[in-house]
Every structure is written in C-alpha cells, then in structure tokens.
Amino acid sequence: MAAGRSFLGRHEFTYRAVFCICIFLLLLCLTQDAIAQRNRRFRCRRSVCVSLLGKSARCCRKTVCRDLASDPNNCGKCGRTCRFGRSCCRGKCVHLNTNKKHCGGCGAKCPKHQKCFFGICNYGR
C-alpha cells in the first residue's frame, strides 16, 4: 500500500502541473483573441481612422488606428517607441519623474521656480 501512495503522489504533482500549463495556455489564447478583437474595432478605412480614440488617432501600417498622443509604441508618429522609463505625453516621449511640464503625469505642470523630482514638484524642499 505504501508504494501505491507514493506512485499516486508523484503522478498527482505531474497532473497538477499539466493542468496549470493548460489553463495558462487557454488564458494566453483568450488574451490574444481579445487584443485582436479590439484592434478590429478601430480599423482604417480608405486611410481614414474610424475609431473612438479622438483626433490624435492615425492609421499606422494602413490597417490599425493608434493614438499618437499617448501610445508609447507610436508616440508622435507611427512606429516611434518611447525608451524605457519614458511615457508618451502629447506625442512626445518624456520622463514623468523629472519633466517640469509632465511631473508625475501628462500635463501636470510644476509651479514656476520648482523642479520635478521622483514625479513630485519641489520634492524634499
């Protein structure tokens, strides 16, 4: 009997691992499908962006609408990617931790004669 329990215990771990991997793959497929569905809603028709993204939306690669004012993968123009640590604010890649015009968030200006540190105006003063 003891040998039987050890055998089941070993395989129970394997079954759980396989089950978890299957659930992960299922969720991955569902996520990819949701992304594809979202992109279909905002398509370009005759080089015109038909979307709810606003005036800054443009056709990129003649197929998908992108918001050039806030999309970090298409910042200011199609295909321009913001480097690590930067965010897209009004079509420009900026550091939200140090930029006086976008301190901590897009459009959050620091008052005159104050600097932006760690996304906070006049931090530590």
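Position numbers for residues start from 1 in each chain and track the written sequence from start to end. Residues qualify for local features only when their pLDDT is at least 70, as the model is predicted, and side-chain atom pairs are given and counted only at 80 or more; totals for whole chains, interfaces and linings, by contrast, use all residues. To get the side-chain values, all heavy atoms of the structure are used, and hydrogens and water are removed first.

Before going further, it helps to examine the overall build of the chain. Working definition: helices are DSSP H or I runs of at least four residues, strands are E runs of at least two. Numbering for both runs from the N terminus. Along the backbone of the chain there are one helix and eight strands. Helices (α) and strands (β) of the chain occur, in sequence order from the N terminus, as α-β-β-β-β-β-β-β-β. Relative to its full complement of 125 residues, the chain shows a buried share of 19%. Counting contacts in the chain only where the partners sit at least 6 residues apart, residues at least 24 apart contribute 1% of the total. Partly exposed residues are those whose accessible area sits between 20% and 50% of the maximum for their type, while under 20% is buried and over 50% is exposed, using a 1.4 Å probe and protein chains only. Every residue pair with non-hydrogen atoms within 4.5 Å of one another is taken to be in contact.

Attention now moves to the environment of D71. Relative to the helices and strands, D71 is located in the loop between strand 4 (64-67) and strand 5 (87-89). As a C-alpha pair, D71 and C93 span 22 residues in sequence and 9.8 Å in three-dimensional space. Setting aside residues up to four positions removed in sequence, D71 forms contacts with R66 and C88. Polar contacts, as used here, are pairs of N or O atoms within 3.5 Å; protein pairs need one atom able to donate a hydrogen and one able to accept it. Residues neighboring in sequence count only if both atoms are side-chain atoms. Within the structure, D71 has its side chain in polar contact with the backbone nitrogen of N73 (distance 3.0 Å).

Along a regular strand, successive side chains alternate from one face of the sheet to the other. Pairing between strand 3 (residues 57-60) and strand 4: four bridges, direction antiparallel. Counterpart to R58 in the pairing with strand 4 is R66. Each pair of strands is called paired provided DSSP finds at least two bridges between the two strands. Joining the antiparallel neighbours strand 3 and strand 4 is a turn of three residues, in which R61 adopts a positive phi near 60 degrees.

A word on the state of the cysteines. Note on terminology: pairs of cysteine sulfur atoms within 2.5 Å are recorded as disulfides. As enumerated under the stated definition, the model contains six disulfides in all. A sulfur-sulfur separation of 2.2 Å characterises the disulfide bridge that pairs C103 with C116. Taking the sign of the S-S torsion, about 85 degrees here, the bridge from C103 to C116 comes out right-handed. In this pair, C103 sits in the loop between strand 6 (92-94) and strand 7 (116-117) while C116 sits in strand 7, placing the two residues 13 residues apart along the sequence.

Another point: a positive patch on the surface. Surface patches are drawn from residues lacking salt bridges whose relative accessible area is over 30%; two like charges belong together within 9 Å, two nonpolar side chains (Val, Leu, Ile, Met, Phe, Trp, Tyr) within 5 Å. Exposure was quantified through the Shrake-Rupley algorithm and a 1.4 Å probe, taking into account, for residues, occlusion by the shown protein chains and nothing else. The rule for a salt bridge is simple: a side-chain nitrogen of Lys or Arg has to be within 4 Å of a carboxyl oxygen of Asp or Glu. Residues counted as positive are Lys and Arg, residues counted as negative are Asp and Glu, and His and the chain ends are not counted. Just so you know, the charge point we use is NZ for Lys, CZ for Arg, CG for Asp and CD for Glu. A contiguous patch of positive charge, built from R90, K92, K101 and K109, is present on the exposed surface. Position of K109 among the secondary structure elements: in the loop between strand 6 and strand 7. By relative accessible area, K109 is classed as exposed at 60%.

Glancing now at the environment of R83. Note that R83 resides in the loop between strand 4 and strand 5. Accessibility expressed as a relative area gives 59% for R83, which makes it exposed. Here the alpha-carbon distance between R83 and H95, two residues 12 residues apart in the chain, equals 9.7 Å.

On the surface, F19, I23, L26 and L27 cluster together into a nonpolar patch covering about 400 Å² of accessible area. With respect to the element layout, L27 can be found in helix 1 (residues 2-41).

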